[in-house]
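Each chain is listed here by its residues.
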Amino acid sequence: MKSKTLLRVALGALISLTSVIGAVAEDGPAKQLFGAQTLPTLGAPRSDGFYAKGCLAGGVALPEDGPTWQVMRLSRNRRWGHPRMVGLIEKLSHDAAAKAGWNGLLVGDISQPRGGPMITGHASHQVGLDADIWLTPMPKRRFTADEREKVEATSMLKGDTLFVDPQKWTPSRTALLKTAASYPEVERIFVHPGIKKELCDTVQGDRSWMAKVRPYWGHYYHFHIRIKCQPGSPNCKPQEPTGSDDGCGKPLAWWFTDEPWKKKPEPAKPVKPHVMMLSDLPKVCAQVLNAPGPSSAAEVTYGSGGAVAAPAKVAAPAAFAPDDDDTLPEDVPVPGQKP
Ligand SMILES: [Zn+2]
């Protein structure tokens, strides 16, 4: 080969290498990049990073309908999760029907196909290990696609107060939370402080499961299930354990002071909010963004028998939209003790 040709080949290789690296490493607002993904990556499931700063590889979709569940807000395309999370929702829906007196569950957001930050709502739900379940039971009939966009969940609170309405909060709701908290892979469950207080005031007998139920802003239309980092995810960053305290003492009392609800004073100079960039996420998330995916969602729907194997055995046991309230409000202080 002549040296000129050799140079041209080498130059060509360099250019294509640069473009490959460029495709992987191009930075931008992470919520735009991940929000534009319509399908997951193929391959083994893996959560990278933290619940509020990460991404998901090998996600699978919860089917839109099952015997004991219906997915709401289908247009958001957030019914994706780690197969363990998706399997757990199915299991919870069966148990809700069998043990807690529910007809079935209405399922809100899980994650985007490749996880990551979202354009609207949710600070977490980024690694496929978080899911929102409505506190409104599934009706006997199937909702139409249009109803799934428009039907509103019911607030459990009494008017404008911080307390639940006893007409709305039923023992079946306590039973559902207890069932969810009883699964070993469940790490935390977020509920409104008023719901936590109701549990503290009424639960008799075994209260050990209540340690996992944590008070947080929002969460009066739905509750939020968070599961632990799963095997096969070496870069998944766990949250500190909740401990065994039922959480009904001091940490709960804080929520019934003015502090969590008061507005922060205006800063002297306007502060530009930090936009989470792709480069803020774990490095591997740039690869997750660019990795090949399936040709359709059907191929990677849980239990479909396509690219996804049969359901993995899950170990035994408004002013704002109902599922948009996980985002930490900008104008309230963060509680001293992490929820
Ligand atoms: Zn949530």
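One numbering rule holds for all chains: residues counted from 1, following each sequence as written. Local features in this predicted model are restricted to residues of pLDDT 70 or higher, and side-chain atom pairs are both shown and tallied only at a pLDDT of 80 or more, whereas totals for entire chains, interfaces and linings draw on every residue. The basis for every side-chain value is the complete set of heavy atoms in the structure, and neither hydrogens nor water enter the calculation.

Draft legend 1. Seen up close, the pattern of salt bridges. Whenever Lys or Arg places a side-chain nitrogen within 4 Å of a carboxyl oxygen from Asp or Glu, that contact is recorded as a salt bridge. Applying the stated criterion across every chain yields a total of 14 salt bridges. Among the ionic pairs, Arg142 bridges to Asp65, the shortest N-O distance being 2.7 Å. In this pair, Arg142 sits in the loop between strand S8 (130-134) and helix H4 (145-150) while Asp65 sits in strand S4 (residues 65-66), placing the two residues 77 residues apart along the sequence. Buried, partly exposed and exposed residues are distinguished by accessible area as a fraction of the type maximum, computed with a 1.4 Å probe on protein chains only: under 20%, between the cut-offs, and over 50%, respectively. On the basis of relative accessibility, which here comes to 37%, the residue Arg142 falls in the partly exposed class. A relative accessible area of 36% places Asp65 in the partly exposed class. A salt bridge links Arg141 to Glu147; its shortest N-O distance comes to 2.8 Å. Relative accessible area serves as the criterion here: at 46%, Arg141 is assigned to the partly exposed category. Working definition: helices are DSSP H or I runs of at least four residues, strands are E runs of at least two. Numbering for both runs from the N terminus.

Draft legend 2. Looking closely at the side chain of Gln239. With respect to the helices and strands, the residue Gln239 is situated in the loop between strand S11 (222-227) and helix H7 (250-255). For Gln239, a relative accessible area of 10% puts it in the buried group.

Draft legend 3. Region of the structure containing the environment of Glu187. Looking at the element boundaries, Glu187 is found in strand S9 (residues 186-191). On a C-alpha basis, the gap between Glu187 and Lys228 in space is 5.4 Å, while along the polypeptide they are 41 residues apart. By definition in these notes, contact holds between two residues if any of their heavy atoms fall within 4.5 Å. Those residues in contact with Glu187 that sit more than four places away from it in its chain are Lys212, Arg226, Ile227, Lys228, Gln239, Glu240 and Thr242.

Draft legend 4. Spatial organisation of the pairing of S9. Taken across its 6 residues, S9 has 6 buried, putting it largely inside the fold. Bridge count between S9 and S11: 4 bridges; the pairing is antiparallel. Each bridged residue has a counterpart across the sheet, and for Ile189 the counterpart in S11 is Ile225. The handedness rule is simple: strands pointing away from the viewer, and a clockwise path from the first strand over the helix to the second, make the crossover right-handed. In this region the chain leaves S9, passes through helix H6 (residues 193-202) and returns to the parallel neighbour strand S10 (residues 213-215); the handedness of that crossover is right-handed. Between any two strands, at least two bridges found by DSSP are needed for them to pair.

Draft legend 5. Summary view of unusual backbone geometry. Even without being a glycine, Arg73 presents a positive backbone phi close to 50°. Within the secondary structure, Arg73 sits in the loop between strand S5 (69-71) and strand S6 (80-81). A positive phi angle, close to 55°, is found at His122, a residue other than glycine. The topology assignment puts His122 in the loop between strand S7 (105-107) and S8.

Draft legend 6. Seen up close, the nonpolar core. The criterion is simple. A nonpolar core is a set of buried Ala, Val, Leu, Ile, Met, Phe, Trp, Tyr and Cys residues joined through side-chain atoms within 4.5 Å. Formed by 54 residues in total, the largest nonpolar core has its most connected members in Leu177, Ile189, Phe223 and Ile225. Of all elements in the fold, only S5, helix H3 (83-99), S7, S8, helix H5 (171-182), S9, H6 and S11 reach the threshold of two or more residues within this core. A total of 6 residues in this core trace back to one element, the largest contributor, which is H3. When near neighbours in sequence (up to four residues on either side) are disregarded, Phe223 contacts Leu92, Ala131, Asp132, Ile133, Trp134, Leu135, Leu176, Leu177, Ala180, Ile189, Phe190 and Val191. Core analysis: the second largest hydrophobic core is formed by 10 residues, Ala30, Phe34, Ala57 and Leu278 among them.

Draft legend 7. Highlighting the confidence of the model for the protein. When pLDDT is averaged across the protein, the result is 86; 82% of the residues are at 70 or more. Per-residue confidence from the prediction method is given by pLDDT, with values spanning 0 to 100. Overall, residues 14-22 carries pLDDT values under 50, and its contacts beyond four positions in sequence, including any with other chains, amount to 0 contacts. Segment residues 306-338: pLDDT under 50, and 100 contacts once partners within four positions in sequence are set aside and those in other chains are kept.

Draft legend 8. Inspection of the packing of aromatic side chains at higher detail. Each aromatic pair joins two rings of Phe, Tyr and Trp (for Trp, the six-membered one) with centres within 6.5 Å, and gets the label stacked for planes under 30 degrees apart, edge-to-face for over 60, and tilted for any other angle. According to the stated counting rule, one finds 9 aromatic pairs in the structure shown. Centre to centre, the rings of Phe190 and Tyr216 are 5.6 Å apart; their planes meet at 45°, and the pair counts as tilted. Here Tyr216 lies in the loop between S10 and S11 and Phe190 lies in strand S9, a separation of 26 residues in the sequence. Each member of the pair Phe190 and Tyr216 is classed as buried. Between the aromatic rings of Tyr220 and Tyr221, the centroid separation amounts to 4.9 Å while the plane-to-plane angle is 35°, which identifies the pairing as tilted. Judged on exposure class, the residue Tyr220 and its partner Tyr221 are both buried. Members of the aromatic cluster, joined through ring pairs, are Phe190, Tyr216, Trp217, Trp254, Trp255 and Trp261. Put simply, a charge is over a ring when the Lys NZ or the Arg CZ is close to the ring centre, within 6 Å, and near the line of the ring normal, within 35 degrees. Across the ring face of Tyr51, the terminal group of Arg226 is positioned such that the distance to the ring centre comes to 4.2 Å.

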